[in-house]
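Each chain is listed here by its residues.
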Amino acid sequence: MRLIRIKADACKGCGICVAFCPVKVLEMSGGLNVRGVHFPVTVENGVSKCTKCRICMIHCPDFAIVVDQE
Ligand code: SF4
Ligand code: SF4
């Protein structure tokens, strides 16, 4: 199972998740989603740095990120 699940097409491109991640796991992709905006992706080797704090998930206004804590 993937630790960080990003629902790209639910994202409105606000960048909050990227700004709030304390360990800089996320960055905005160069691509566009169905809403015509950039969405977050994990940086190279980013998943291994994720502390599962869920700050990104809690602050996303569109519920577009889910972080599994198993
Ligand atoms: S769960 Fe925390 S560490 Fe992991 S990507 Fe989200 S904000 Fe960053
Ligand atoms: S906080 Fe949510 S809506 Fe904003 S860029 Fe991140 S995933 Fe997209």
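Scroll up to find the structure.
These notes cover the structure that comes with them. (Residues numbered from 1 in each chain as written. Chains lettered and ligands numbered in written order. Predicted model: local features only at pLDDT ≥ 70, side-chain atom pairs only at ≥ 80, totals over all residues. Heavy atoms only, no water.)

Quick look at the overall build of the chain now. Within the chain, the secondary structure is distributed over 2 helices and 4 strands. Along its sequence from the N terminus, the chain presents helices and strands in the succession β-α-β-β-α-β. For 70 residues, the compact-globule estimate of 2.2 N^0.38 gives 11 Å, and the chain sits close to it at 11 Å. Referenced to the eigenvectors of the C-alpha coordinate spread, the extents of the chain come out at roughly 30 × 25 × 20 Å. Taken over 70 residues, the chain has a buried fraction of 30%. Partitioning the contacts of the chain with sequence separation of at least 6, the portion at a separation of at least 24 is 53%. Total accessible area on the chain stands at roughly 4300 Å², and carbon and sulfur atoms take up 58% of it. Put simply, the chain has 9 plus and 6 minus side-chain charges, and the middle of one group is 5 Å from the middle of the other. (Helix = DSSP H or I, 4+ residues; strand = E, 2+ residues; numbered from the N terminus. Rg over C-alpha atoms; globule rule 2.2 N^0.38 Å. Buried < 20%, exposed > 50% of the residue type's maximum accessible area, 1.4 Å probe, protein only. Contact = heavy atoms within 4.5 Å. Areas by Shrake-Rupley, 256 points an atom, 1.4 Å probe, with all protein chains shown as cover. Lys, Arg positive; Asp, Glu negative; His and termini not counted. Charge placed at Lys NZ, Arg CZ, Asp CG, Glu CD.)

Okay, the site of ligand 1 next. The local shell around ligand 1 holds 13 residues, among which Cys21, Cys50, Cys53, Arg54 and Cys56 are the closest. Of the residues contributing to the shell around ligand 1, the split by class is 10 nonpolar, 1 polar and 2 charged. (Near = heavy atom within 4 Å. Nonpolar A, V, L, I, M, F, W, Y, C, P; charged D, E, K, R; others polar.)

If you check the shell around ligand 2, you find 13 residues, and the closest are Cys11, Cys14, Gly15, Cys17 and Cys60. Among the residues making up the shell around ligand 2, the classes are represented as 10 nonpolar, 2 polar and 1 charged.

We now examine the pairing of strand E3 (residues 38–42). Taken together, the 4 bridges between strand E2 (residues 26–32) and E3 define a ladder with antiparallel strand orientation. Along E3, the bridge assignment pairs Leu32 with His38. (Pairing = 2+ DSSP bridges.)

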